[in-house]
Amino acid sequence: MKRIYYFLRAFIIPLCFISLHYGNNASKVAFRDILVSLLFVLILSCLIFGILKAITKSLEKAILLSYIFFFLFFNYDNFAGVMFNSLITNQGISSTLLDHQKTRFLCAILLAIMFGILAYLLSTKKNAEESYQKFNNIFSIGMIIIVLGSLGFRSFLNSSRSSELSSDSIFPQWQQTLASEDNLIHPADQLPDIYYIILDGYGRKDVLKEYYDFDNASFLDSLANLGFGISPDSLANYKQTDLSFSSLLNMDYINWVGDQVGGQNSSYFPLYYLIDHNRVFNQLHRAGYRIDTFATGFTATEIDTANMIFRPKFYPNNYENLLIKATPLSLFWDSWLNDLHRDRIRYGLQNLAKAGNQDGPDFVFLHVFAPHPPFVFGPNGEDIDPDHPYSTFDAAEFLEFGTAEEYKTGYIDQVTYVNKEILAAIQEILQTSSVPPIIIIQGDHGPGLEFDHQNLEKSNLAERYPILYAYFIPCGKNNPILQDITPVNSFRYIFNACFNGNLPYLENRQYFSSNLTPYKLVDVTDLLREELETEKKE
């Protein structure tokens, strides 16, 4: 029991940091995502404590040193950031000469030397065990107070931001809504497979030409030759993935969520829930469809309610990505994270037809995290490893560590690569389908070189909102698609044209909100139209 007691004391500090890190990202991370990290830290704690106990020959010294180790380990990213800013700001060193990665290596070396010196001094010091025990107890109690205080304060802020219903309260209401809803589709013929492909950040033809000097006509012509139509005026309804997906899959604007949880609410879980438990899946399930999705590594589009989730080899989830980035593990895993990102994209694109060849009619939903950053593909699919830490940041956040030229080049290279893979996948689908399928290829939003997620005044809406929208819908020949169709009406059209639905089309509107307050939505429809009209005149 005594050994267990000492181990539990050694485990307190890493557990505190795991809890603190989870609390700071709780609005975007599910609790289940931290379980593997807890196991990893448990094993690492045993290893570190055992080594330090063998070196110091003292339980209390080993516990103290393990506290120091994990304090440095979990605060590594903060130390590296302070060092980088100090060297760049105070010493006037250009960030092009001293990049983030070199600073992080230097910081890791200095922290390792510091820890080594402390370990040596403590191992040779002859103080009584009781003095170390008192310090350890104070340190651990202090950390527990900090964690509980931080989590409590964050919870207080979230609850005080809105006197409206909590985000949890909309979940049972939404389940009841889905269960009580009438069948919206009434299929009469043999059910076709449906492939819905979201290319993250894929802009419209005119945007690629205007802002990136890239002519996408060859790709669009190839799609047309395969029988696709291209909507010339499609726009995203929202400026980011989480909002776009929840609206698309529920065939409605999701502005009502803000009325329920409060406009100042920062939690993304209501959106994740609406994506996991959406109207489209529910209606297609009733009609006999099997739902197939692909693992993405992105919490919003890891749809657990699918019948089958196609996965490549093991990859870290959102929380694990954040944790790796905060610790020295990022020094060794950045290249691996780029590899995992590439693997997920390649796996999805190369297994689309396979996903549709399951028993029964299939609805295959694929979210491809490209041409959105990170830019890890060359135009022919060759591996590219950026010279900065792995990150999925876009728009102004990307420019905090990358350059405009890198964004332009990387974005077009990934558009070129994705185009080739999409054409190959579509050809395979058409060749292997016994019943002509329904295929939609769309962007969830456009690129973001001139966009700021937090500031509408600094954002170029005419770059961000126009999206690619290509469609292959043989069953819709007698019901022409809307040429300015937006994602909110996408499944309304499919259900009407191919499944005898009678859903009214919604007015096309566009909305902006800060990432920090996703439900505080501003209607930018008229402002966007003005920007687009100005561009046409120029």
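A quick note: this is a predicted structure, and the numbers were derived from the prediction, not measured.

Caption draft 1: Spatial organisation of the overall build of the protein. Within the protein, the secondary structure is distributed over 21 helices and nine strands. Relative to its full complement of 538 residues, the protein shows a buried share of 56%. By sequence separation, contacts in the protein at least 24 residues apart represent 76% of the contacts at least 6 residues apart. In the structure as shown, the protein presents an accessible area of about 23700 Å², 57% of it carried by carbon and sulfur atoms.

Caption draft 2: Layout of the sheet that holds strand β4 (residues 308-310). Taken together, the seven strands give an open sheet; going across it, the order is β2-β7-β6-β1-β5-β3-β4, and neighbouring strands pair in mixed fashion. Two strands lie at the open edges of the sheet, namely β2 (229-230) and β4, each paired on one side alone. As paired elements, β2 and strand β7 (residues 469-472) share two bridges and run antiparallel to each other. Note that in β7 the partner of G229 across the bridge is Y471.

Caption draft 3: How the structure looks around the nonpolar core. Ranked by internal contacts, the top residues of the largest apolar core, which has 116 residues, are Y196, I197, F363, I441, F491, I494 and F495. The greatest single-element share of this core, amounting to eleven residues, is contributed by helix α18 (residues 404-432). Once you skip the residues sitting within four places of it in the chain, F495 turns out to touch I185, M251, V280, Q283, L284, N500, G501 and L503. A62, L65, F74 and A80 belong to the second-largest nonpolar core, a separate cluster that totals 38 residues.

Caption draft 4: Representation of the side chain of Q283 in the model. With respect to the helices and strands, the residue Q283 is situated in helix α13 (residues 279-286). Here Q283 falls in the buried class, since its relative accessible area comes to 1%.

Caption draft 5: Representation of helix α2 (residues 35-56) in the model. When the terminal C-alpha atoms of α2 are compared, their 31 Å separation across 22 residues agrees well with the 32 Å that a helix rising 1.5 Å per residue should span. Listed as buried for α2 are S37, V41, L44, S45, I48, F49, L52 and T56. All buried residues of α2 fall inside an arc of 135 degrees around its axis, so they share one side. Trailing α2 by a residue or two, K57 shows a phi angle of about 60 degrees, which is positive.

Caption draft 6: Examining the environment of D252 more closely. If you trace the backbone, D252 turns up in the loop between α10 (241-250) and α11 (256-261). Given the relative accessible area of 30%, D252 is considered partly exposed. Along the primary structure D252 and V488 are separated by 236 residues, whereas in three dimensions their C-alpha atoms are 5.6 Å apart. Those residues in contact with D252, other than ones at most four positions away along the chain, are S247, R279, V488 and L506.

Caption draft 7: Spotlight on helix α8 (residues 205-212). Residues V207, L208, Y211 and Y212 constitute the buried set of α8. Buried residues along α8 cover an arc of 100 degrees about the axis, so they all sit on one side. Once α8 finishes, D213 follows within two positions and takes phi at roughly 50 degrees, a positive value.

The rules behind these values
Along every chain, residues carry numbers that run from 1 in the direction the sequence is written. Local features in this predicted model are restricted to residues whose pLDDT is 70 or higher, and side-chain atom pairs enter the listing and the counts only when it is 80 or higher, whereas totals over whole chains, interfaces and linings include all residues. Side-chain numbers here rest on the full set of heavy atoms in the structure, without hydrogens or water. What counts as a helix is a DSSP run of H or I of at least four residues, what counts as a strand is a run of E of at least two, and both are numbered from the N terminus. Three labels apply to residues, based on accessible area from a 1.4 Å probe with only protein chains included: buried if under 20% of the type maximum, exposed if over 50%, partly exposed otherwise in between. The contact criterion used throughout is that any non-hydrogen atoms of two residues lie within 4.5 Å. Surface accessibility in these figures is a Shrake-Rupley result with a 1.4 Å probe; residues are shielded only by whichever protein chains are displayed. Two strands qualify as a pair provided DSSP detects at least 2 bridges between them. Take the buried residues of types Ala, Val, Leu, Ile, Met, Phe, Trp, Tyr and Cys, join any two whose side-chain atoms come within 4.5 Å, and each joined set is a nonpolar core. Expected helix span is computed as 1.5 Å times (number of residues minus one). An arc is given here, and it is the one of the directions from the helix axis to the C-beta atoms.

Scope: geometric values only; no functional claims are made or implied.
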